[in-house]
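# Close look at the chain arrangement
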Amino acid sequence: MGDDVVHLKVEILQDFMRDVFIGLGAPEEDAKICADVLIASDLRGITSHGVQRLKMYYDRIKLGLINPETNITIVKESPTTATFDAGHGLGHVVSYRAMELAIKKAEEYGTGAVAVGNSTHYGIAGYYLIMACKKGMIGLSITNARPSIAPTFGIEPMMGTNPLTFGMPTDEEFDFILDCATSITQRGKIEVFSRTETPIPEGWVIDKDGKLATDPVEILKQLKDGTAALLPLGGAGEITGGHKGYGYSVIVEMLSSALSGGPFLKDLTLDKGWKIGHFFLAIDVSKFISVDIFKKITGDICRTLRNSKKAPDQERIYTAGEKEYEMEQKIAKTGVPLNKSLQNDLLTMKKELGLEQYKFPF
Ligand SMILES: NC(=O)c1ccc[n+]([C@@H]2O[C@H](COP(=O)([O-])OP(=O)(O)OC[C@H]3O[C@@H](n4cnc5c(N)ncnc54)[C@H](O)[C@@H]3O)[C@@H](O)[C@H]2O)c1
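Since we're looking at a predicted model, the values are computed, not measured. (Residues numbered from 1 in each chain as written. Predicted model: local features only at pLDDT ≥ 70, side-chain atom pairs only at ≥ 80, totals over all residues.)

Around the ligand there are 29 residues in total, and Ile-124, Ala-125, Ala-145, Cys-180 and Ala-181 lie nearest to it. Its residues placed into classes, the shell around the ligand shows 12 nonpolar, 13 polar and 4 charged. (Near = placed C-beta within 6 Å. Nonpolar A, V, L, I, M, F, W, Y, C, P; charged D, E, K, R; others polar.)

This is the structure we're talking about:
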């Protein structure tokens with residue numbers, strides 16, 4: 001970590017992010033949800049999707065690309081399902097409301113599924129999984145995103161990084177939260193590399209000739225004009241299973257767009273308003289089996305995996321959600337690390353919104 005990194009207290013950063021959304025016209029309750037999702041990302045060590053993205057939302061709201069007031073319309077509803085139109089409001093807010101409703105339906109009928117259309121970027125998929133797990137439920141959270149992944153044997157960015165994510169409650173201190181994209185990496189991580197102009201690892205991205213690319217600044221520009229593409233999970237071609245990551249990404253694209261009748265693939269563009277779609281599912285474990293038995297088995301599965309034989313030179317085997325849990329304990333104490341570029345973002349927003357009550361140590 002560079003010398004210019006400053007750690008900011010979690011509570012101060014969370015309050016600041018809330019006040020930025022309020023300053024941009026979001027109602028207080030909605031602003032709190034946005035700040036909560038963003039700070040959860042920072043706490044979990046997902047540096048790509050927390051405060052790092054605040055300025056992106058700020059700019060988009062100011063440009064009129066996101067409505068700061070999230071006016072949700074229920075387009076269709078049944079006892080176990082609903083379809084929301086998010087009114088092109090804040091993705092975090094509509095996603096919170098969608099998972100909340102999915103959980104409510106699951107409490108009553110065993111499962112609840114909510115499709116969301118006409119939305120915007122919802123941050124970390126995992127936040128909504130945790131909502132379900134806290135209630136002893138299995139959660140599924142997915143979203144489409146701007147085109148950036150090339151299909152197997154292609155070079156054109158077509159699918160978004162399309163996270164396909166599941167959460168399972170366990171009897172451990174942390175739940176099993178598999179929260180990741182269907183690409184090897186995602187745009188936010190390349191943004192993190194670009195802030196320090198560090199080359200990205202080979203194998204994440206291909207250029208217009210199908211060659212591996214590593215310059216994060218160039219890649220971010222090229223992803224925009226379609227001359228570079230992220231690779232799906234499994235990588236280029238079929239040998240290492242790239243076609244499987246490609247397939248999972250298409251499933252996310254279909255569930256995110258087709259159930260809400262929204263745009264897909266290359267129609268998710270700025271000039272067409274980025275009408276993102278999401279899909280949430282909550283499954284109430286107690287309708288199948290006692291939650292304690294379920295949690296004991298899922299916990300046993302995780303413990304057995306972690307205790308299995310390690311590869312030479314490896315000290316630990318992890319299960320999903322574990323690293324983020326440990327990071328949460330750490331960041332809660334140390335505060336959120338902010339590099340120079342993020343400090344400048346915060347100072348700009350503070351000045352422009354007149355949030356002078358915040359005295360940052362930078
Ligand atoms: N909103 C969007 O459009 C969008 C798009 C893509 C990704 N995202 C978010 O970006 C974030 C990061 O995504 P990513 O694809 O870079 O994730 P990643 O590659 O960092 O993988 C994270 C997941 O892998 C697990 N994990 C990490 N190391 C492990 C190990 N050794 N063993 C077992 N499990 C391990 C973690 O617990 C976590 O569940 C996620 O929160 C995701 O939701 C959002």
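Two numbers describe how helix H2 (residues 28–43) lies on helix H4 (residues 91–109): the axes approach to 8 Å, and their chain directions differ by 90°. With respect to H4, the element H2 is oriented roughly perpendicular. In this structure, H2 uses Asp-30, Ile-33, Cys-34 and Val-37 to contact H4, whose residues at the interface are His-92, Val-93 and Tyr-96. Taken together, the residues of the contact of H2 with H4 break down into 5 nonpolar, 1 polar and 1 charged. (Axes fitted to C-alpha atoms, helices over the stretch in contact; angles between N-to-C directions. Helix = DSSP H or I, 4+ residues; strand = E, 2+ residues; numbered from the N terminus. Parallel < 35°, antiparallel > 145°, perpendicular 65-115°, else oblique. Contact = placed C-beta atoms within 7 Å.)

To continue, consider the domain arrangement of the protein. Under the domain assignment used here, the protein contains domain 1 (1–69 + 332–362), domain 2 (70–180 + 239–320) and domain 3 (185–230). Each of domain 1 and domain 2 has a C-alpha centre, and the two are 24 Å apart. On the domain 2 side, the residues contacting the 15 residues of domain 1 number 14 residues. (Domains from an automatic or database assignment.)

With that settled, consider unusual backbone geometry. One non-glycine residue, Phe-153, lies in positive phi territory at about 80°. With respect to the element layout, Phe-153 can be found in the loop between strand S5 (137–143) and strand S6 (164–168). Phe-153 sits in the exposed class, given 12 other C-beta atoms within 10 Å. Of note in this structure, Glu-197 is not a glycine but carries a positive phi near 50°. Here Glu-197 is to be found in the loop between helix H6 (187–195) and strand S8 (205–207). Classification of Glu-197 as exposed rests on a count of 9 C-beta atoms within 10 Å. (Buried ≥ 20, exposed ≤ 12 C-beta atoms within 10 Å, placed from the backbone.)

Once that is clear, we can look at the sheet that holds S8. Remark on secondary structure: sheet strands pair via backbone hydrogen bonds, oriented parallel or antiparallel. The antiparallel open sheet is built from 3 strands, whose spatial order is S9-S8-S10. Edge positions in the sheet fall to strand S9 (212–213) and strand S10 (228–230), since each of these pairs with one other strand and no more. Bridge count for S8 against S9 is 2 bridges, and the pairing is antiparallel. Bridging across to S9, Val-205 finds its partner in Ala-213. (Pairing = 2+ DSSP bridges.)

So, about the environment of Trp-204. As for its placement among the helices and strands, Trp-204 is situated in the loop between H6 and S8. On a C-alpha basis, the gap between Trp-204 and Ile-184 in space is 5.9 Å, while along the polypeptide they are 20 residues apart. Those residues in contact with Trp-204, other than ones at most four positions away along the chain, are Ile-184, Thr-185, Leu-230 and Leu-231.

It is at 8 Å that the axes of helix H1 (residues 10–23) and H2 come closest, and there the two elements cross at 140°. Taken as axis vectors, H1 and H2 run oblique relative to one another. Note on packing geometry: the crossing formed by H1 with H2 is right-handed. Side by side, H1 and H2 meet where Val-10, Leu-13, Gln-14, Met-17, Arg-18, Phe-21 and Ile-22 of the first sit next to Glu-28, Ala-31, Lys-32, Cys-34, Ala-35, Leu-38, Ile-39 and Leu-43 of the second. (Left-handed = near helix turned anticlockwise from the far one by under 90°.)

Time to look at the pairing of S5. Counting buried residues in S5 gives 7 out of 7 residues, a clear majority hidden from the surface. The alternating pattern of S5 places Met-137, Gly-139, Ser-141 and Thr-143 on one face and Ile-138, Leu-140 and Ile-142 on the opposite face, and all of these are buried. The pairing of S5 with strand S11 (residues 276–284) spans 7 bridges and is classified as antiparallel. Each bridged residue has a counterpart across the sheet, and for Ile-142 the counterpart in S11 is Phe-279. Pairing of S5 with S6, which is carried by 4 bridges, proceeds in the antiparallel orientation. From the neighbouring strand, Ile-142 faces S6, where its bridge partner is Leu-164.

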